[in-house]
Amino acid sequence: MARPILGAVLTVILAAPALAAGPEQARLEFLTPALSEGLLRIQQASPRWTHVNMNIYGSQSFYEVSDYSLRINLRGSRSSGGQFFFNGSAGSQYLNLNAYPRNSQDLRQGYTLSGAYVNLSIDRSGSSYSINGWVNHKSIWLQAMPHAGGGFSLYGQMGLNLNIMGSGQRLWVTGNVDLSQFDETSLAALGAVLSVLDSMPPQSK
């Protein structure tokens, strides 16, 4: 029994200088670099649900993706061969995205969207499209089902609950996302993907 008691006494003695220096000094000595990094990871992994109100506009040659509250602002263009080019920003990150069709003779077969922080594959899957790859080193896996009257249903990844309505040359994306899993750059890339999908010819029955 003597050893546990002695250990407790030694612990109190060793802690005494920090306690004598005051609570603030004790906290600073307790917060080691490893502990600080662990606390930061916990904070980054904690859910951060936020509202999405994204507006997507697309014409034959000009495209725009914006959500002012999330500081998403992309401008895009489309070439005669079906290639897309987007540039702008998402949060504090600059984006330069390019989308190339898998088959220039049949744009419905899908696209590849790539950039410095983005690598996504858009593939035809029956009557819908699968969206897979990564953004900012985080995996993306989604399924987009076109609506007959415009817009899409989005399935797959946890961390987002979005409604995509379409009318004419516009799409409205509303709902909520967990920014710890699906951040501003991911949302901007999704906006570019939806711009591409909305421009595709309807799938033959």
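See the structure printed just above.
Residues numbered from 1 in each chain as written. Predicted model: local features only at pLDDT ≥ 70, side-chain atom pairs only at ≥ 80, totals over all residues. Heavy atoms only, no water.

(A) Main features of the overall build of the protein chain. Per the secondary structure count, the protein chain includes four helices and 12 strands. For the protein chain, the residues scored as buried account for 40% of the 205 residues in total. Across the protein chain, contacts joining residues at least 24 apart in sequence account for 36% of those joining residues at least 6 apart. Summing over all exposed atoms, the protein chain offers an accessible surface of approximately 11,600 Å²; the carbon and sulfur share of this is 57%. (Helix = DSSP H or I, 4+ residues; strand = E, 2+ residues; numbered from the N terminus. Buried < 20%, exposed > 50% of the residue type's maximum accessible area, 1.4 Å probe, protein only. Contact = heavy atoms within 4.5 Å. Areas by Shrake-Rupley, 256 points an atom, 1.4 Å probe, with all protein chains shown as cover.)

(B) Representation of helix 4 (residues 184-199). With 16 residues, helix 4 extends 23 Å from end C-alpha to end C-alpha; this agrees with the ideal 22 Å at 1.5 Å per step. Burial analysis of helix 4 places 14 of its 16 residues in the buried class, which makes it a mostly covered element. The backbone nitrogen of T185 lies 3.3 Å from a side-chain oxygen of the residue at the head of helix 4, namely D183. (Expected span 1.5 Å × (residues − 1). Polar contact = N/O pair within 3.5 Å; in protein donor to acceptor, adjacent residues only side chain to side chain.)

(C) Up close: the sheet that holds strand 12 (residues 170-178). Around the barrel, which closes on itself, the 12 strands sit in the order 1-2-3-4-5-6-7-8-9-10-11-12 with antiparallel pairing between neighbours. With strand direction ignored, the average angle separating the axes of adjacent strands in the sheet is 15°. With seven bridges connecting them, strand 8 (residues 128-135) and strand 9 (residues 138-146) associate as antiparallel partners. Within strand 9, the position partnered with W134 by the bridge is S139. Docked against the sheet, helix 4 engages strand 1 (49-58), strand 2 (62-67), strand 3 (72-78), strand 4 (84-90), strand 5 (93-101), strand 6 (110-114), strand 7 (118-125), strand 8, strand 9, strand 10 (151-156), strand 11 (160-167) and strand 12, running at close to 155° with respect to strand 4. (Pairing = 2+ DSSP bridges. Axes fitted to C-alpha atoms, helices over the stretch in contact; angles between N-to-C directions.)

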